Amino acid sequence: MRLSIVVPCYNEEAVIDLFDVRIRETLDALNVEYELCYVDDGSKDRTLDKLRGLAAGREASTRYVSFSRNFGKEAGILAGLRETTGDTVVIMDADLQHPPELIGTMLDLRRNGHDQIIARRTREGDKPLRSGVSRLYYRIINNWVDVELTDGAGDFRLLSRRAVDALLSMPEYNRFSKGLFSWIGFDTVTFDYHNAAREAGETKWRFGALVNYGMDGLISFNNRPLRLAIYLGMLLAAVAAAYAVAVTAMAIIEGPDAPGYVTLLVAIVGLGGLQMLMLGLIGEYIGRIYYETKQRPHFLVKETNTPRSSGVSVQATATATEHAMPSRLEMR
């Protein structure tokens, strides 16, 4: 068995050396053939310099890819998966919140024939508000999307080669990995582990990023919000018709009466807000179609220490005077 480890990195200068030591110790103890595939997602610190040093003299077992700018973790995962050559692939973060020691458990489960082995973290130690909001989000979203998303199940997982090939066969630009992992199916098993704290550095997930990520999950795998607009329109039409009948009946029985100003104002503001909400939802879907039709690459590679395995459409060579390996600009 050849094992590939995909590690997206963004501003992980403070922890990447410690991660590399921990992961190699773990893999050496497991006595498996392995390769490390680091992906630098346009870091602004010295992460790339660290990766160059980690790969120096280890080109056979250590690959790194550096983006021309920050393209996001989804692009980092995709780039790492494209780089892998192993028949088993593990995706994990560099901040050590995904304990490398769990890889042994994953490999044991893989030998039982499972294609996806998911390490699901418990929420022990999380702030009560964040934990409650997360549970509520998953409860709501699973009533909307066409796939099942598991609370606590993130990117830390083992994939078989056929599961990786299935993920790479989907070329969509707007990628939501949690949904894609669930969509491909295959034999899947989940086990829990205690939440681990970051060893160093700061989290890259801010409140706004989490909200946007949640919206991606809601919209990427269903069109029910669009259907909701139809149902709300039918409901409002029915309410308006009933209200018109009631007003007409009251006018016949009690005589004409001027409608209340407050009622009219609330109706206008409420319906206006609802229309803007529906236009926003429609705009989200149209925006995704817009990006898909552009067919832009998911990322641009600025530098790598290994030839690209596949999918290179444009390549412009450049000389890097301070490095032995030439830097390259590639579209993927």
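Everything here concerns the structure above.
From a predicted model like this one, the values you see are computed outputs, not experimental measurements.

(A) The packing of helix α1 (residues 16–30) against helix α2 (residues 47–55), seen in detail. Put simply, α1 and α2 touch, their axes get as near as 10 Å, and they point 30° apart. Regarding the angle of α1 to α2, the classification is roughly parallel. Of the two elements, α1 crosses α2, and the hand of that crossing is right-handed. Contact with α1, carried on its side by I16, D17, D20 and R24, involves K50, L51 and L54 of α2 and no other residues of that element.

(B) Region of interest: the packing of helix α3 (residues 73–83) against helix α6 (residues 161–168). Running from N to C, α3 and α6 cross one another at 125°; their axes reach a closest spacing of 10 Å. It follows that α3 is oblique to α6 by the angle criterion. The crossing of α3 and α6 is left-handed. Along the contact surface, α3 presents L78, L81 and R82, while α6 presents V164, L167 and L168. Considered class by class, the residues forming the contact of α3 with α6 number 5 nonpolar, no polar and 1 charged.

(C) Structural view of the nonpolar core. Grouped together as the largest cluster of nonpolar side chains are 33 residues, with contacts concentrated most on L3, I5, Y38, V90, M92 and I103. Secondary-structure elements contributing two or more residues to this core are β1 (2–9), α1, β2 (33–40), α2, α4 (103–110), β5 (116–121), β6 (153–160) and β7 (188–193). Setting aside chain neighbours within four positions, we find M92 in contact with I5, V6, V7, P8, F19, I23, H98, P99, P100, I103 and F156. Counting residues in hydrophobic clusters, the runner-up holds 14 residues, among them I77, I91, A166 and M170.

(D) Expanded view of the side chain of T47. Residue placement: T47 occurs in helix α2. Judged by relative accessible area, which is 0%, T47 ranks as buried. Polar contacts involving the side chain of T47 include one to the main-chain amide nitrogen of E12, which spans 2.9 Å. Excluding residues within four positions of it along the chain, T47 makes contact with C9, N11, E12, E13 and D40.

The rules behind the values
- Residues numbered from 1 in each chain as written.
- Predicted model: local features only at pLDDT ≥ 70, side-chain atom pairs only at ≥ 80, totals over all residues.
- Heavy atoms only, no water.
- Axes fitted to C-alpha atoms, helices over the stretch in contact; angles between N-to-C directions.
- Helix = DSSP H or I, 4+ residues; strand = E, 2+ residues; numbered from the N terminus.
- Parallel < 35°, antiparallel > 145°, perpendicular 65-115°, else oblique.
- Left-handed = near helix turned anticlockwise from the far one by under 90°.
- Contact = heavy atoms within 4.5 Å.
- Nonpolar A, V, L, I, M, F, W, Y, C, P; charged D, E, K, R; others polar.
- Core = buried A, V, L, I, M, F, W, Y, C linked by side-chain atoms within 4.5 Å.
- Buried < 20%, exposed > 50% of the residue type's maximum accessible area, 1.4 Å probe, protein only.
- Polar contact = N/O pair within 3.5 Å; in protein donor to acceptor, adjacent residues only side chain to side chain.

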